[in-house]
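Reading the structure
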Amino acid sequence: MMHSNMKYRSLSVLYSSLRHCVSVQMRKTNVYQNKNVIVSFMCKSFHNLNQMKQKSVANPLRHVKPRSARETLQYFVDMKQIKVKGGNGGDGAISLLQLWVNDRAGPDGGDGGNGGHVILKVSAGVKDLSSVKSVTEASNGQNGASKNCYGKNADHHIIEVPVGTIVRDVNGTILADLDEIDMMYIAARGGAGGHGNTFFKSDIKQTPKIAEYGGQGEIRQYVLEIRSMAHVGLIGLPNAGKSTLLRAISRARPKVANYPFTTLKPHIGMIHYDDYEQIAVADLPGLIPNSHKNQGLGITFLKHAERCAALLFIIDVTQENPWTHLDILEFEISQFNDKLNNRPKIIIANKIDLPEAKDNLELLKKNTDFQIIPISAKMGINISTLLKEIRILYDNSLKTKTKTDIDI
Ligand SMILES: Nc1nc2c(ncn2[C@@H]2O[C@H](COP(=O)(O)OP(=O)(O)OP(=O)(O)O)[C@@H](O)[C@H]2O)c(=O)[nH]1
Ligand SMILES: [Mg+2]
């Protein structure tokens, strides 16, 4: 009796939120007498706790605005190689002034203006690297002129990049981590303007006939990467239904087709909740065995996965031995980056509307330790449960993290 009482006390501390419901139920069934009933009751309480958790979570909103009717598909650009060139400096002028009263009035060649820099600047309004051109040149400084006219300095060319852009050189060395708004990095310096002959005038040489050419602007190549592209990334073998799911939960329009590698570039969709919170979900290209050895879309794909704070594994349960798919996915990402397997994750069994899915789903549940969420992305079955689970994961593990917390 004493023993059971202690259990009851710890139970009530653990589930204080459920205390009322627990005591009512216990009184009804007189559970103090039976240990087994307490264990089953604990399981029930866990279940209730989970249900309560789900109830207290914000509700996902259905998108009211229709999908865009634009012909072009917008995909997310999270990596880009760019070439930048600073503007050349203007040349200095050689000129000797002749006035009507003084035809040897001395040198009056002005200096050339400086060439513009190419500057990477973080802007809050830019979300991906699609607006960054592959080749960018800043303008040249103006040449100097007679009558000591200095050439005009060229304006700097500003390239706007999103928060969390990492600048690497072509060998992969990180040169800058632009993680605050308005942060700048001078990607290519413009050449300095050349001096005109006035500059070289001295007591010894009063009429120098020399001037400088403007300096050449720097030419540099960089690889820009976005540190974080979405809160959640969809990971699965080709044809698992990743794009179908993203279409079901957001207004994004990734192509859906019954052949592998339909998606070659990442697409981002937003899930909206009724407390105005938004969660970004990325549909990524399909993963195949040996992707970490650069087969299929290989490393590029895995790099996208690296930029998502949590991972959603989608398993097609109409295929035989679906748990092996999960093993393949986990193996590939761990081979690429060990830390990826420690990211928060949800396992989804997709295509449960098809009859062959039923047995496979049971087998999958038996062969994995994780909680599986069965859904049909095409028919919309169980999608709201999934959206709530995503929100719980977001609240528990991602909300407190800033976007730039992800290690690259
Ligand atoms: N019956 C059924 N079919 C589905 C479901 N989800 C996806 N499909 C079908 O599976 C096929 C592949 O779907 P996609 O969404 O293009 O798959 P994916 O994972 O994005 O594929 P890749 O982009 O090639 O990696 C399509 O023909 C979809 O209609 C589902 O829940 N039920
Ligand atoms: Mg796809």
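Please refer to the structure placed before this passage.
These figures come from a predicted structure and were not determined experimentally.

With 51 residues, the main nonpolar core has Ile235, Val281, Ala282, Phe313 and Ile315 as its most contacted residues. No other element matches strand S14 (residues 308–316), which puts eight residues into this core. Not counting residues up to four positions away in its chain, the partners in contact with Ile235 are Leu284, Leu287, Ala305, Leu311, Leu312, Phe313, Ile314 and Leu329. Counting residues in hydrophobic clusters, the runner-up holds 13 residues, among them Val84, Ala138, Ala154 and Val161.

Time to look at the site of ligand 1. With respect to spatial proximity, 24 residues lie near ligand 1, and among them Gly241, Ser243, Thr263, Gly286 and Lys378 are the closest. The element contributing the most residues to the shell around ligand 1 is helix H4 (residues 242–249), with three residues. The residue inventory of the shell around ligand 1, partitioned by class, reads nine nonpolar, 11 polar and four charged.

If you trace the backbone, Arg227 turns up in the loop between strand S10 (219–226) and strand S11 (230–236). Separated by 80 residues in sequence, Arg227 and Arg307 have C-alpha atoms that sit 5.8 Å apart.

Glycine aside, residues mostly have negative phi, and peptide bonds are mostly found in the trans state. A positive phi is found at Phe261, a non-glycine position, where the angle reads about 60°. Residue placement: Phe261 occurs in the loop between H4 and strand S12 (267–272). Backbone geometry places Asn321, a non-glycine residue, at a positive phi of 45°. Looking at the element boundaries, Asn321 is found in the loop between S14 and helix H6 (322–336). The class of Asn321 is exposed, set by 11 C-beta atoms lying within 10 Å.

Reading the values: rules and limits
- Residues numbered from 1 in each chain as written.
- Chains lettered and ligands numbered in written order.
- Predicted model: local features only at pLDDT ≥ 70, side-chain atom pairs only at ≥ 80, totals over all residues.
- Core = buried A, V, L, I, M, F, W, Y, C linked by C-beta atoms within 7 Å.
- Buried ≥ 20, exposed ≤ 12 C-beta atoms within 10 Å, placed from the backbone.
- Helix = DSSP H or I, 4+ residues; strand = E, 2+ residues; numbered from the N terminus.
- Contact = placed C-beta atoms within 7 Å.
- Near = placed C-beta within 6 Å.
- Nonpolar A, V, L, I, M, F, W, Y, C, P; charged D, E, K, R; others polar.

Function cannot be read off these values alone, since they describe shape.
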